[in-house]
Amino acid sequence: SPSDPDLVERARAAKAKLGDKVFVLGHHYQRDEVIQFADVTGDSFKLARDAAARPEAEYIVFCGVHFMAESADILTSDDQKVVLPDLAAGCSMADMATAEQVAECWDVLTEAGVAEQVVPVSYMNSSADIKAFTGKHGGTICTSSNAQRALEWAFEQGEKVLFLPDQHLGRNTAVRDMGMSLEDCVVYNPHKPGGGLTADQLRAAKMILWRGHCSVHGRFSLDSVNDVRERIPGVNVLVHPECRHEVVAAADYVGSTEYIIKALEAAPAGSKWAIGTELNLVRRLANRFAPEGKEIVFLDKTVCFCSTMNRIDLPHLVWALESLAEGNLVNRIEVDQETEAFAKLALERMLALP
Ligand code: 13P
Ligand code: SF4
């Protein structure tokens, strides 16, 4: 839907007034009405790097979700302020691992006698507390664009990986990209005593996967893939690695949001694509590439926005920018210093991956 021209004008004016003092980051899942004001767009890895590369900006306005804004705060200097235009923009997957649950898990691993062999690898989609836990225990953060390199690094440090909180990214990377078997993976359920696992299972496992998932990508099924292949002969199926294993196993290509965009840029005219990721991005790509004769459809028939990404809309962005332009710091995301120190360790290990 076209954006309200009055709001567009107000956003433009507030941004112009702030000038170099503000830098706006936009994740690929953001609405069109918001993404038009982003100074850079990217997947979560690119945005983390871009946030860290803007020391002159007093305000970083993060159009994305809470864990991304926290990571930006961790990676920027103390006098830079990170602003999330709507504080309710969380991530249901990140909420699936709390600090208490993860501490309890570590106790379980310790009692089973395996903690010393375990290196935690936490997906970017996690709270600053989980990142700090990861840093404290010698682990690294990863995103969907470097999960394999992060796991390779982790297996140089230890024999087992505790992968948090997305079981699918962990399993897909281990099995599809690194040749491990499904039997090498066990799932730790934080809602069951002992994670629902025996000490023997923990001793035998290479990958201990936290029982978390993305509710958006979890909607794609093997039926979605089979149906689209039947409907559109010759279609290329391209999905995000947060999809379930059977979906990823049946897909032709798998990668982060940035990878998906690059793959479509490189695709020949006349090619057909079914994309398994969030709908704002898929619609934008379908519109962008239609004039070049690339047919792009959504992998499933049911509509699939990320509701928390969608919380950031033009009215919230205008409010945040106008407040900053008037000297009112609103919706600041600030990680406390102790958490930040350990979380930064884990994030910097990721940024240093080859
Ligand atoms: P990307 O790093 O691929 O952009 O993924 C972020 C995300 O939240 C996917 O659900
Ligand atoms: Fe979180 Fe899924 Fe939304 Fe990404 S798409 S922000 S993982 S809920």
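Residues numbered from 1 in each chain as written. Chains lettered and ligands numbered in written order. Predicted model: local features only at pLDDT ≥ 70, side-chain atom pairs only at ≥ 80, totals over all residues.

Looking up the protein in an unreviewed UniProt entry gives the name Quinolinate synthase, with the organism given as Streptomyces mangrovisoli. The UniProt entry for the protein carries the following comment under Pathway (unreviewed entry): "Cofactor biosynthesis; NAD(+) biosynthesis; quinolinate from iminoaspartate: step 1/1." Quoted straight from UniProt, the Catalytic activity (unreviewed entry) entry for the protein says "iminosuccinate + dihydroxyacetone phosphate = quinolinate + phosphate + 2 H2O + H(+)". (UniProt positions renumbered as here; feature names shortened; annotations may be inferred.)

Peer 1: I would appreciate a short explanation of the UniProt feature "binding site: [4Fe-4S] cluster" (unreviewed entry) in the protein in the present structure.
Peer 2: Here the UniProt feature "binding site: [4Fe-4S] cluster" (unreviewed entry) sits at C91, C214 and C306. What stands out for the annotated residues spanning 216 residues is how close their C-alpha atoms remain, the widest pair being 9.4 Å apart. With respect to the helices, strands and loops of the structure, C214 is situated in the loop between strand 9 (207-210) and helix 10 (222-231). On the basis of neighbour counts, which here come to 25 C-beta atoms within 10 Å, the residue C214 falls in the buried class. Among the secondary structure elements, C306 is positioned in the loop between strand 13 (295-298) and helix 14 (314-325). (Helix = DSSP H or I, 4+ residues; strand = E, 2+ residues; numbered from the N terminus. Buried ≥ 20, exposed ≤ 12 C-beta atoms within 10 Å, placed from the backbone.)

Peer 1: How do you make sense of helix 1 (residues 5-18) when you look at a structure like this?
Peer 2: Think of an α-helix as 3.6 residues a turn; residues three or four steps apart then line up on the same face. Between its terminal C-alpha atoms helix 1 stretches 20 Å, which fits the 20 Å expected from 14 residues at 1.5 Å a residue. Residues of helix 1 that are buried include every one of A11, A14 and K15, and no others. The arc enclosing the buried residues of helix 1, seen along the axis, measures out at 100 degrees, which places them on a common side. Exposed residues on helix 1 whose side chains face more than 90 degrees from its buried face are P5, D6, E9 and A16. Those residues of helix 1 that are buried are in contact with strand 1 (22-27) and helix 14. Where helix 1 terminates, the next one or two residues include G19, which has phi positive at roughly 55 degrees. (Expected span 1.5 Å × (residues − 1). Arc of directions from axis to C-beta. Contact = placed C-beta atoms within 7 Å.)

Peer 1: What am I meant to see in the site of ligand 1 here?
Peer 2: Near ligand 1 the following residues occur: H28, D43, S44, F45, N125, T143, S144, C214, E242, S256 and T257. For the shell around ligand 1, the class distribution of residues is two nonpolar, seven polar and two charged. (Near = placed C-beta within 6 Å. Nonpolar A, V, L, I, M, F, W, Y, C, P; charged D, E, K, R; others polar.)

Peer 1: Whenever I open this one, the domain arrangement of the protein confuses me. Can you help?
Peer 2: Along its sequence, the protein is carved into domain 1 (5-90 + 309-335), domain 2 (94-213) and domain 3 (217-298). The gap between the C-alpha centroids of domain 1 and domain 2 is 31 Å. At the level of elements, helix 3 (44-52) and helix 4 (66-75) are the ones that each hand at least two residues to the side of domain 1 that touches domain 2. The leading source of residues in the side of domain 1 that touches domain 2 is helix 4, at four residues. Here the side of domain 1 that touches domain 2 is composed, by residue class, of four nonpolar, three polar and two charged. (Domains from an automatic or database assignment.)

Peer 1: Teacher, can you tell me more about the pairing of strand 12 (residues 272-276) here?
Peer 2: One face of the sheet, then the other: side chains in a regular strand alternate in exactly this way. Where burial is concerned, most of strand 12 is hidden: four out of the five residues are buried. Relative to strand 12, strand 10 (residues 236-239) runs parallel, the two sharing four bridges. Along strand 12, the bridge assignment pairs V237 with A274. Strand direction decides the pairing type here: strand 12 and strand 13, joined by four bridges, are parallel. Paired with A274 across the two strands is V297, which belongs to strand 13. (Pairing = 2+ DSSP bridges.)

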